[in-house]
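Structural overview
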Amino acid sequence: MTISIGCDHGGYELKSKVIKHLQDKGYTVIDNGCDSTASCDYPIYAKKVTDDITASKADLGILICGTGIGMSMAANKTAGIRAALCHDVFSAKATREHNNANILCMGARVVGPGLALMIIDTFLETPFSEDERHIRRIEMYSKL
Ligand code: RB5
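Chains are numbered independently. Their residues run from 1 in the order of the written sequence. In view of the model being predicted, local features appear only for residues whose pLDDT reaches at least 70, and side-chain atom pairs are presented and counted only at 80 or more, with totals across whole chains, interfaces and linings using the full set of residues. For the side-chain quantities, the full set of heavy atoms in the structure was used; hydrogens and water were omitted.

**What to know about the site of the ligand**
Put simply, the test is: Put simply, a residue is near a molecule or strand once any heavy atom of it comes within 4 Å of that molecule or strand. Nitrogen and oxygen atoms within 3.5 Å of one another constitute a polar contact, given that in protein one can donate a hydrogen and the other can accept it, and given that sequence-neighbouring residues count only through two side-chain atoms. Values of accessible area rely on a 1.4 Å probe in the Shrake-Rupley scheme; residue burial ignores everything except the protein chains shown.
Within the structure, the ligand sits among Asp8, His9, Tyr42, Cys65, Gly66, Thr67, Gly70 and Arg109. Here an oxygen atom of the ligand sits 2.6 Å away from a polar atom, N or O, in the side chain of Asp8. Within the backbone of Gly66, a nitrogen or oxygen atom sits 2.7 Å from an oxygen atom of the ligand. If the ligand stood free it would expose 290 Å²; the protein chains cover 70% of that surface.

Given below as C-alpha coordinates:
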(Lines give C-alpha, C1' and ligand atoms only; values in the text may rest on other atoms or scores of the structure.)
Protein backbone atom coordinates (compact mmCIF):
# COMPACT_ATOMS: atom_id res chain seq x y z
CA MET A 1 0.00 0.00 0.00
CA THR A 2 1.24 3.49 -0.87
CA ILE A 3 0.78 6.30 1.65
CA SER A 4 1.13 9.98 0.75
CA ILE A 5 2.16 12.16 3.69
CA GLY A 6 2.54 15.89 4.22
CA CYS A 7 2.91 18.33 7.09
CA ASP A 8 3.67 21.91 8.02
CA HIS A 9 6.32 23.06 10.49
CA GLY A 10 4.07 22.07 13.42
CA GLY A 11 3.94 18.49 12.17
CA TYR A 12 7.47 18.04 10.85
CA GLU A 13 8.95 16.15 13.79
CA LEU A 14 5.98 13.79 14.07
CA LYS A 15 6.00 13.25 10.29
CA SER A 16 9.60 12.02 10.47
CA LYS A 17 8.64 9.45 13.11
CA VAL A 18 5.58 8.38 11.12
CA ILE A 19 7.57 7.86 7.92
CA LYS A 20 10.10 5.62 9.68
CA HIS A 21 7.28 3.66 11.34
CA LEU A 22 5.45 3.14 8.05
CA GLN A 23 8.58 2.15 6.14
CA ASP A 24 9.50 -0.33 8.89
CA LYS A 25 6.03 -1.86 8.42
CA GLY A 26 6.57 -2.24 4.67
CA TYR A 27 4.46 0.65 3.36
CA THR A 28 5.63 2.69 0.38
CA VAL A 29 5.67 6.33 1.50
CA ILE A 30 5.50 9.44 -0.68
CA ASP A 31 6.93 12.28 1.43
CA ASN A 32 5.50 15.58 0.22
CA GLY A 33 7.28 17.75 2.82
CA CYS A 34 7.65 20.13 4.47
CA ASP A 35 11.28 19.39 5.21
CA SER A 36 12.06 21.38 8.36
CA THR A 37 10.53 23.19 11.34
CA ALA A 38 10.76 26.53 9.52
CA SER A 39 7.39 28.26 9.34
CA CYS A 40 5.40 27.39 6.21
CA ASP A 41 1.82 27.30 4.87
CA TYR A 42 -0.10 24.07 5.45
CA PRO A 43 -2.46 24.38 2.41
CA ILE A 44 0.53 23.82 0.09
CA TYR A 45 1.15 20.40 1.62
CA ALA A 46 -2.53 19.52 1.88
CA LYS A 47 -2.80 20.05 -1.90
CA LYS A 48 0.20 17.85 -2.65
CA VAL A 49 -1.35 14.96 -0.71
CA THR A 50 -4.87 15.43 -2.12
CA ASP A 51 -3.35 15.44 -5.61
CA ASP A 52 -1.68 12.09 -4.89
CA ILE A 53 -5.03 10.63 -3.80
CA THR A 54 -7.14 12.01 -6.65
CA ALA A 55 -4.48 10.92 -9.18
CA SER A 56 -4.42 7.42 -7.59
CA LYS A 57 -0.69 7.75 -6.91
CA ALA A 58 -1.41 6.82 -3.29
CA ASP A 59 -4.06 4.67 -1.61
CA LEU A 60 -4.41 6.76 1.55
CA GLY A 61 -2.98 10.03 2.89
CA ILE A 62 -1.79 11.46 6.19
CA LEU A 63 -1.63 15.20 6.92
CA ILE A 64 -0.10 16.61 10.09
CA CYS A 65 -0.06 20.20 11.34
CA GLY A 66 -0.15 21.70 14.82
CA THR A 67 -3.81 20.94 15.41
CA GLY A 68 -4.77 18.95 12.30
CA ILE A 69 -7.65 21.38 11.83
CA GLY A 70 -6.18 23.55 9.08
CA MET A 71 -5.03 20.48 7.16
CA SER A 72 -8.49 18.89 7.37
CA MET A 73 -10.23 22.08 6.24
CA ALA A 74 -7.85 22.52 3.32
CA ALA A 75 -7.92 18.86 2.22
CA ASN A 76 -11.73 18.68 2.24
CA LYS A 77 -11.94 21.47 -0.37
CA THR A 78 -10.95 18.93 -3.03
CA ALA A 79 -13.67 16.80 -4.63
CA GLY A 80 -13.24 13.14 -3.85
CA ILE A 81 -11.34 13.80 -0.64
CA ARG A 82 -12.77 12.64 2.66
CA ALA A 83 -10.28 13.89 5.24
CA ALA A 84 -10.92 12.96 8.87
CA LEU A 85 -9.37 14.66 11.88
CA CYS A 86 -8.79 11.91 14.45
CA HIS A 87 -7.09 12.05 17.83
CA ASP A 88 -8.36 8.73 19.15
CA VAL A 89 -8.35 5.13 17.94
CA PHE A 90 -12.14 4.75 17.96
CA SER A 91 -12.60 7.64 15.53
CA ALA A 92 -9.82 6.38 13.25
CA LYS A 93 -11.54 2.98 12.99
CA ALA A 94 -15.03 4.43 12.59
CA THR A 95 -14.08 6.92 9.91
CA ARG A 96 -12.64 4.17 7.72
CA GLU A 97 -15.63 1.87 8.30
CA HIS A 98 -18.39 4.49 7.99
CA ASN A 99 -16.96 7.40 5.98
CA ASN A 100 -14.40 5.60 3.80
CA ALA A 101 -12.03 8.43 4.77
CA ASN A 102 -9.05 8.60 2.44
CA ILE A 103 -6.93 11.06 4.42
CA LEU A 104 -6.15 11.05 8.15
CA CYS A 105 -5.40 14.46 9.67
CA MET A 106 -3.68 14.83 13.00
CA GLY A 107 -2.37 17.57 15.26
CA ALA A 108 1.16 17.03 16.51
CA ARG A 109 0.49 19.52 19.31
CA VAL A 110 -2.54 17.52 20.40
CA VAL A 111 -1.34 13.91 20.62
CA GLY A 112 2.01 12.36 21.52
CA PRO A 113 3.86 10.15 19.06
CA GLY A 114 2.86 6.86 20.73
CA LEU A 115 -0.85 7.53 20.39
CA ALA A 116 -0.36 9.05 16.93
CA LEU A 117 1.20 5.81 15.64
CA MET A 118 -1.63 3.72 17.13
CA ILE A 119 -4.21 5.96 15.45
CA ILE A 120 -2.35 5.72 12.14
CA ASP A 121 -2.06 1.92 12.32
CA THR A 122 -5.79 1.65 13.03
CA PHE A 123 -6.69 3.98 10.16
CA LEU A 124 -4.51 2.16 7.62
CA GLU A 125 -5.55 -1.34 8.69
CA THR A 126 -9.33 -0.79 8.84
CA PRO A 127 -11.28 -1.42 5.62
CA PHE A 128 -14.41 0.45 4.53
CA SER A 129 -17.50 -1.51 5.59
CA GLU A 130 -19.05 -1.33 2.08
CA ASP A 131 -22.45 -1.10 3.85
CA GLU A 132 -25.19 0.26 1.59
CA ARG A 133 -26.24 2.90 4.14
CA HIS A 134 -22.72 4.28 4.38
CA ILE A 135 -22.29 4.33 0.60
CA ARG A 136 -25.63 6.16 0.30
CA ARG A 137 -24.64 8.79 2.86
CA ILE A 138 -21.25 9.41 1.28
CA GLU A 139 -22.92 9.83 -2.12
CA MET A 140 -25.43 12.26 -0.59
CA TYR A 141 -22.84 14.70 0.70
CA SER A 142 -20.43 14.19 -2.20
CA LYS A 143 -23.03 15.90 -4.44
CA LEU A 144 -23.46 18.98 -2.22
C1 RB5 B 1 0.75 26.74 12.66
O2 RB5 B 1 1.12 27.61 13.68
C3 RB5 B 1 -0.64 26.20 12.91
O4 RB5 B 1 -1.58 27.21 12.71
C5 RB5 B 1 -0.91 25.02 12.02
O6 RB5 B 1 0.05 24.03 12.24
C7 RB5 B 1 -2.24 24.34 12.21
O8 RB5 B 1 -2.47 24.03 13.54
C9 RB5 B 1 -3.39 24.99 11.58
O10 RB5 B 1 -4.54 24.54 11.65
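Now that the structure is up, let's keep going.
**Thoughts on the packing of aromatic side chains**
Which entries qualify depends on this criterion: For Phe, Tyr and Trp, rings pair up if their centres lie within 6.5 Å, where Trp contributes its six-membered ring, and each pair is then called stacked (planes under 30 degrees apart), edge-to-face (over 60) or tilted (otherwise). Whether a charge sits over a ring comes down to the Lys NZ or Arg CZ being within 6 Å of the ring centre and within 35 degrees of the ring normal.
In the structure shown here, the tally under the stated rule is 0 aromatic pairs. It is Arg96 that lies over the ring of Phe123; its NZ or CZ is 5.8 Å from the centre.

**Here we look at the sheet that holds strand 1 (residues 2-7)**
The strands making up a sheet associate through hydrogen bonds between their backbones, and the pairing can be parallel or antiparallel. Filter applied, for reference: Strands are labelled as partners when DSSP assigns at least two bridges between them. Under the DSSP-based scheme used, a helix requires at least four consecutive residues in state H or I and a strand at least two consecutive residues in state E, with every element numbered from the N terminus. Every axis in this analysis is a line fitted to C-alpha atoms, fitted for helices over the stretch in contact. Angles between the N-to-C directions lie between 0 and 180 degrees. Should any heavy atoms of two residues lie within 4.5 Å, those residues are considered in contact.
Strands sit in the order 2-1-3-5-4 across an open sheet of 5 strands; the sheet is parallel. Each of the sheet's edge strands pairs with one partner strand only, and the pair in question is strand 2 (28-31) and strand 4 (83-85). The average undirected angle you get between the axes of adjacent strands in this sheet is 25°. Judged from the 3 bridges that link them, strand 4 and strand 5 (residues 103-107) form a sheet pairing that is parallel. The partner of Leu85 across the bridge, within strand 5, is Cys105. In the packing of helix 1 (residues 12-24) onto the sheet, contacts are made with strand 1, strand 2 and strand 3 (60-65), and the angle to strand 1 comes to roughly 170°.

**A closer look at the pairing of strand 5**
To keep things clear, this is the line we draw: Throughout, exposure labels follow a simple rule: accessible area from a 1.4 Å probe, protein chains only, divided by the maximum for the residue type, with under 20% read as buried, over 50% as exposed, and the rest as partly exposed. Whether a crossover is right-handed comes down to one check: with the strands pointing away from the viewer, does the path from the first strand over the helix to the second run clockwise; if it does, it is right-handed.
Most of strand 5 is tucked away: 5 of the 5 residues are buried. Residue alternation in strand 5 divides its side chains into two sets, Ile103, Cys105 and Gly107 and Leu104 and Met106, and both sets are buried. Relative to strand 5, strand 3 runs parallel, the two being bridged by 5 bridges. Within the sheet, the bridge partner assigned to Ile64 lies in strand 5 and is Met106. Taking the sense of rotation as the criterion, the β-α-β connection linking strand 4, helix 4 (residues 89-99) and strand 5 turns out right-handed.

**Overview of unusual backbone geometry**
Note the cis peptide between Gly33 and Cys34, where omega equals 5°. Unusually for a residue other than glycine, Ser56 sits at a positive phi of about 60°. Within the secondary structure, Ser56 sits in the loop between helix 2 (42-54) and strand 3.

**Structural notes on the pattern of salt bridges**
So the rule is basically this: When a carboxyl oxygen of Asp or Glu is within 4 Å of a side-chain nitrogen of Lys or Arg, the pair counts as a salt bridge.
Using the criterion set out here, one finds 8 salt bridges in the structure. Notably, a salt bridge pairs Asp24 with Lys20, separated by 2.7 Å at the nearest N-O pair. Of the two residues, Asp24 and Lys20 are both situated in helix 1; the distance of 4 residues between them amounts to about one turn of the helix. Taking the relative accessible area as the measure of exposure, Lys20 reaches 52% and is therefore exposed. The salt bridge partner of Glu125 is Lys25, with a shortest N-O separation of 3.3 Å. Highlighted residues: Glu125 in helix 5 (residues 113-125) and Lys25 in the loop between helix 1 and strand 2, separated in sequence by 100 residues. Among the residues examined, Lys25 registers a relative accessible area of 40% and is labelled partly exposed. Among the ionic contacts, a cluster of salt bridges with common partners joins Lys25, Asp121 and Glu125.

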